[in-house]
Amino acid sequence: FEMTAAEERFLEESRKYMKDLSTLDSCHQITINRIKKSCGDINEEELGKLGVQLFNCQSLSEKRKTYPCTDAMTLAECTADMDLTTWNSYHIISNRARSICYATRQQQFRLKTEFTVNQLASQAVEQLRLMENLKSDQSKLAHLAAHTVQRVTAGQDRLIGQQRKLSSAYQFTQRSIASSVRSNIHALGQEKALIEEGRQQLTDMTQKLAEKLEHATSEMYKHEEGRKQSHDQILQDLGDVRNKAQDVWSKIDDSTAQMLSYHQESADHYTETLQNLKKMNTTISYLLEAIDSMQTRLDDRITWLAEQFGGTGDKLSTLVTFVLHGGYFLVATFSIVFLKAPMFTRLLLLIVVPINAWCEIKLRSSLSFASLTILMTAVLIG
């Protein structure tokens with residue numbers, strides 16, 4: 001069966017009275033506590049249900065099968081599932097149900113009574129202890145009150161003595177103050193005379209100071225006139241300086257304009273020079289390229305001629321040989337034409353000069369130009 005929250009609280013309270021309870025005792029306590037009537041007022045139907053519930057307690061403690069039985073169920077519904085053996089056991093417990101109810105209720109009453117008496121005894125002992133403490137505190141308070149009264153009385157006596165001392169001191173102070181006042185009045189009279197004398201001296205000094213101030217004022221007026229004249233002169237000089245500064249600024253502006261004009265002309269000339277230099281650079285580059293091309297072609301021609309004539313590959317000497325023989329051929333041709341030499345001489349010149357050049361290039365040995373000239377002259381004359 002299930003316990004409600006109220007039954008759990010009841011079981012918790014019962015443990016205070018009955019210490020540790022067994023499972024069967026706890027179940028009996030809860031079951032009897034559920035009954036709202038006295039044990040003598042239970043009818044047979046309720047007594048039968050109580051027997052079923054007590055039988056369930058016995059079965060629960062022995063871990064046997066239990067049979068649900070609530071207040072809403074009838075006794076027949078509670079015992080419907082019981083077999084013969086269970087039915088007999090149920091009847092045995094049911095016959096003892098009322099006595100178990102009385103015994104449990106009596107046990108609860110006895111234990112509650114014992115617990116209450118014990119609580120009352122404990123409270124009485126606690127009250128006695130508190131009374132003893134209160135009595136002790138009252139004694140201490142009375143002692144402290146008496147001691148306080150004594151201290152207050154002694155304090156009042158000391159205050160009276162101090163009051164008397166203060167009174168005598170006050171009288172002495174009054175006499176001292178009166179004497180001091182009289183001496184102060186006399187000193188004030190002397191100070192008043194000194195103040196009067198000082199005031200007279202101050203008046204004399206004031207008059208002298210006024211005379212000096214008048215003299216200083218006249219001197220200041222004179223200096224002011226001189227200062228005004230100097231100021232006017234300074235203003236005039238500043239005006240001259242301003243005019244000269246304006247002239248200088250105008251000249252500076254003119255010079256600046258001229259410098260800007262010169263700068264513009266220089267910039268234009270510089271730009272034109274740069275353009276000319278670019279053109280010259282382009283022309284020089286073109287000439288260099290043309291010279292390189294011409295040199296390449298000339299080298300190719302010389303190489304070809306050297307190969308044709310079977311030279312050793314010295315391009316410079318080959319070029320010199322060709323130039324010299326070419327020049328010699330031209331001079332000799334002009335001379336023969338001028339002298340109107342015969343055809344044989346012309347053919348001989350045409351054959352001998354190339355052969356001599358070939359010998360110079362190929363064999364490194366040839367006739368000199370003087371020998372060639374003598375040869376051509378001999379042929380022409382002969």
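Residue numbers restart at each chain and count upward from 1, following the sequence in its written direction. Per-residue local features of the predicted model are confined to residues with pLDDT of at least 70, and side-chain atom pairs are confined, for both listing and counting, to 80 or more; whole-chain, interface and lining totals are unaffected and use all residues. In computing side-chain properties, one takes all heavy atoms of the structure into account and sets aside hydrogens as well as water.

Remarks on the UniProt feature "transmembrane region" (unreviewed entry) in the protein chain
No. 1: UniProt positions are given in the numbering used here, feature names are shortened, and annotations may be inferred rather than shown by experiment. Cross-referencing UniProt, the feature "transmembrane region" (unreviewed entry) maps to residues 327-353 in the present numbering.
No. 2: Secondary structure elements follow DSSP: runs of H or I no shorter than four residues count as helices, runs of E no shorter than two count as strands, and numbering proceeds from the N terminus. Taken end to end, residues 327-353 has its terminal C-alpha atoms 10 Å apart, with 89% of it in helix and 0% in strand.

Considering the packing of helix α8 (residues 343-362) against helix α9 (residues 369-381)
No. 1: What counts as an axis is a line fitted to C-alpha atoms, over the stretch in contact for a helix, and the angles between N-to-C directions run from 0 to 180 degrees. The N-to-C vectors of α8 and α9 enclose an angle of 160°; their axes lie 10 Å apart at closest approach. On the basis of their axis angle, the class for α8 and α9 is roughly antiparallel. Crossing of α8 against α9: the hand is right-handed. Where α8 abuts α9, its residues F344, T345, L348, L349, V352 and N356 lie against L372, L375, M376, V379 and L380.
No. 2: As a working rule, the residues Ala, Val, Leu, Ile, Met, Phe, Trp, Tyr, Cys and Pro are called nonpolar, Asp, Glu, Lys and Arg charged, and the rest polar, with Gly in that last group. Residues that form the contact of α8 with α9 fall into these classes: 9 nonpolar, 2 polar and no charged. Orientation is classified from the angle alone, with under 35 degrees giving roughly parallel, over 145 giving roughly antiparallel, 65 to 115 giving roughly perpendicular, and any other angle giving oblique. With the far helix as reference, a near helix turned anticlockwise by less than a right angle produces a left-handed crossing, and one turned clockwise produces a right-handed crossing. Residues are treated as being in contact if the distance between any of their heavy atoms lies within 4.5 Å.

Some thoughts on the side chain of T79
No. 1: With respect to the helices, strands and loops of the structure, T79 is situated in helix α4 (residues 75-79).
No. 2: In this structure T79 touches V52, W87 and Y90, once residues within four positions along its chain are discounted.

A short note on the state of the cysteines
No. 1: The disulfide criterion used throughout: a pair of cysteine sulfur atoms within 2.5 Å. According to the stated counting rule, one finds 1 disulfide in the structure shown.
No. 2: Paired by a disulfide, C69 and C78 hold their sulfur atoms 2.1 Å apart. Looking down the S-S bond of the C69 and C78 bridge, the torsion is 80°, so its handedness is right-handed. Considered together, C69 and C78 belong to a single accessibility category, that of buried residues. Throughout this description, buried means an accessible area under 20% of the type-specific maximum (1.4 Å probe, protein chains only), exposed means over 50%, and partly exposed covers the range between.

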